[in-house]
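Architecture and fold: a report
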Amino acid sequence: MVQNVMEDIIKAIEEDRRKNQESGEQKAIAVLTSGGDAPGMNAAVRAVVRAGINMGMRVYGVYRGYNGLLNGDIKELNLRSVSDIIGNGGTKLFTARSEEFKKKENQEKAAEFCRSVGINGVVVIGGDGSFRGARALTAAGINCIGVPGTIDNDIACSEYTVGFDTAMNTALQMVDRIRDTAQSHDRCSIVEVMGRRCGDIALQTGIATGATAILVPEVRYNIERDVIQRILDTQKTGKQHFIVVVAEGVGGVRDLAKYIEQRLGIEARATILGHVQRGGSPTLRDRVVASQMGYHAVSLLNKGIGNRVVVMQGGKITDLDINEALDMERVFDFNLYKVAMSISI
Ligand code: ADP
Ligand code: F6P
C-alpha cells in the first residue's frame, strides 16, 4: 500500500530543528571513535554529522578517541567533510586506547575543554570500555551517548554491534578459501577467528562454513569428546577434510593442530586470521545499522538527554541508561550452538 507519509516526515525533521532553535543558543556536539576500530564506524560518524547539522547543530570531529579531547585535537565538520566515507573501513577520526582518560582529573579536563569550545554533547562510538569513558564524561557535565562499534558483538545490552556483520563475512570468505586447500589435501584446518571474550564470530562463521567443531570461550570443551571424536565420527561417514573454528579467547590453534596430527594421523594446519577481520568495506547491514544508531544518538542529544547507549533490541533501535547497560551480562546463544553441533556431522 502506498502511504502518504512524506509530509509527516518533513514536518518531523523540521520539528527536530525547531526544538534545537528554541533553546536559544545553537547546540554544538562532537563525535569520536574509541577502542578497536570496526567497519561501519565511518558510516556512524557520517550519520552523526549529517543528522546533527540537519537539526541545526554544529558538529565537531574529535581525533584519536578521548585523547583528542585532552589534546584539543578537534575540527568542525560540514556536510561534505563526511562525503564518500560510508563505504570505507577503519575510522577517519582515527581511534586510540587512552589510559590518560581513565584518570578523573583528565575527565574533568576534557569536560572543561568541551565547555570552552561550546560542545555540550558527545557521541562515543566504541565498545564497553569506551562507554565507561562516556559515563565518566557525562558525570563531569558533558552529555554523552554511546554507539556500539566493535567487531566482536560482545556488548551485552545490544543484540548487534556495528562491524560484526562485515567481520563475520570476511572470516567466512577466508575460511571458504582455507576449505578449498584443506579439501584438496584431505587435511584438517584449524582457524582462529577474533573474539577474546565472545564466541559470536566463531559460532556464526563455523556454522556458515560447515565446521566439524567450533570452540568458543563461553563453552567449556573437552578436546577428546568435542574435537577428536567429532572428527572420527564424521570420518566414518566418509568425510576426508575437516574445519575446526576456534575463537581467539580459546586460542592454542597451533598446539591443537599438532595434537590432531599426532592423535589421528591426519595432516593439520593452523591459521590465525587476525586483523584482516577488522578491515574492509562495511557490509550493507553495518552501513544501515550504523546510520540508524548515529541518527538516534543525535536525536537524544538534541533533546538534552545524555548517559545513554544506543542499542538494538528485538531488531529495533532504542536506548538504555549507560549504568544499566554496563551492568548487563552477555548471554551466549546456546540454541544456535546446539544447531551447529546437530548439523555439522
Ligand atoms: P572498547 O571501547 O573497544 O571496549 P577499551 O576497553 O580499550 O575499548 O576502551 C577504550 C577507551 O575507553 C580506553 O582506552 C579509555 O580511554 C576509555 N575507558 C575505558 N575504561 C574506562 C573507564 N573505566 N573510565 C574512563 N575511561 C575509560
Ligand atoms: O575488540 C575487537 C578486537 O578485534 C578483539 O576481537 C581482539 O581481541 C582485540 O580487538 C584486538 O585488539 P588490538 O589488536 O587492537 O589490541
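Note that this is a predicted model, so its numbers are computed, not measured. (Residues numbered from 1 in each chain as written. Chains lettered and ligands numbered in written order. Predicted model: local features only at pLDDT ≥ 70, side-chain atom pairs only at ≥ 80, totals over all residues. Heavy atoms only, no water.)

Around ligand 1 lies a shell of 15 residues, among which R97, S98, G127, G129 and S130 are the nearest. A distance of 3.1 Å is found between an oxygen atom of ligand 1 and a side-chain nitrogen or oxygen belonging to R97. Take G127: an N or O atom from its main chain is 2.9 Å from an oxygen atom of ligand 1. Relative to its free-state accessible area of 550 Å², ligand 1 is covered by the protein chains to the extent of 78%. Under a 2 Å grid-point criterion requiring more than half of the atoms, the pocket assigned to ligand 1 is the largest pocket. Partitioned by chemical class, the residues of the shell around ligand 1 number two nonpolar, nine polar and four charged. (Near = heavy atom within 4 Å. Polar contact = N/O pair within 3.5 Å; in protein donor to acceptor, adjacent residues only side chain to side chain. Areas by Shrake-Rupley, 256 points an atom, 1.4 Å probe, with all protein chains shown as cover. 1 Å grid on protein atoms, 1.4 Å probe; cavity = no way out; pocket = protein on both sides within 12 Å on 5 of 7 lines; lining within 4 Å. Sits in = over half its atoms within 2 Å of the grid points. Nonpolar A, V, L, I, M, F, W, Y, C, P; charged D, E, K, R; others polar.)

In this model, R64 sits at a positive phi of 60°, which is unusual for a non-glycine residue. For R64, the position within the fold is in the loop between β2 (58-62) and α3 (67-71). Its identity is not glycine, yet F94 carries a phi of approximately 60°, on the positive side. Within the secondary structure layout, F94 lies in the loop between β3 (74-77) and α4 (104-117). (Helix = DSSP H or I, 4+ residues; strand = E, 2+ residues; numbered from the N terminus.)

Attention now goes to the nonpolar core. Note that soluble globular proteins tend to have their nonpolar side chains buried in a common cluster. Core analysis: the largest hydrophobic core is formed by 59 residues, its most contacted members being V31, V123, I125, I201, I214 and M293. Among the domains, domain 1 (2-163 + 282-327) and domain 2 (164-278) are the pair contributing at least three residues each to this core. Once you skip the residues sitting within four places of it in the chain, I214 turns out to touch A202, L203, G206, I207, V245, Y337 and A340. Counting residues in hydrophobic clusters, the runner-up holds 29 residues, among them Y66, L70, V124 and I155. (Core = buried A, V, L, I, M, F, W, Y, C linked by side-chain atoms within 4.5 Å. Buried < 20%, exposed > 50% of the residue type's maximum accessible area, 1.4 Å probe, protein only. Domains from an automatic or database assignment. Contact = heavy atoms within 4.5 Å.)

Further remarks concern the layout of surface pockets. Summary: where empty space remains is shown by rolling a probe the size of a single water molecule over the atoms. There is about 780 Å³ of room inside the largest pocket. G35, G36, R97, D128 and G129 are, among the 32 residues lining the largest pocket, the residues nearest its centre. A per-class count over the lining of the largest pocket returns six nonpolar, 14 polar and twelve charged. The two domains that each donate at least three residues to the lining of the largest pocket are domain 1 (2-163 + 282-327) and domain 2 (164-278). By volume, the second largest pocket is sized at about 250 Å³. (Points joined across faces, edges and corners; volume = space filled by probe spheres on them.)

What follows covers the domain arrangement of the chain. What the domain assignment reports for the chain is domain 1 (2-163 + 282-327) and domain 2 (164-278). Tallying the contact residues gives 17 residues for domain 1 and 14 residues for domain 2. Both faces considered, domain 1 and domain 2 share a buried interface measuring about 1,200 Å² in area, 48% of it formed by carbon and sulfur atoms. Looking at the side of domain 1 facing domain 2, the largest losses of area belong to I151, D152 and N153, adding up to 40% of the total buried there. If you look at where domain 1 meets domain 2, you find three salt bridges. Note that D154 and R197 form a salt bridge whose closest N and O atoms lie 2.9 Å from each other. For the interface between domain 1 and domain 2, the tally reads twelve residue pairs in polar contact (both at pLDDT 80 or more). Taken together, the residues of the side of domain 1 that touches domain 2 break down into five nonpolar, six polar and six charged. (Buried area = accessible area lost by both parts, 1.4 Å probe. Salt bridge = Lys/Arg side-chain N within 4 Å of Asp/Glu carboxyl O.)

Quick look at the pairing of strand β6 (residues 188-193) now. Counting buried residues along β6, six of its six residues qualify, which places the element largely inside the surrounding structure. Of the two faces of β6, the one carrying C188, I190 and E192 and the one carrying S189, V191 and V193 are both buried. In this structure, β6 lies alongside strand β8 (residues 242-247), joined through six bridges in parallel fashion. Residue pairing for β8: I190 is matched across the bridge by V244. Where β6 lies against strand β9 (residues 268-272), five bridges are found, and the strand directions are parallel. Bridge pairing links V191 to T271 in β9. (Pairing = 2+ DSSP bridges.)

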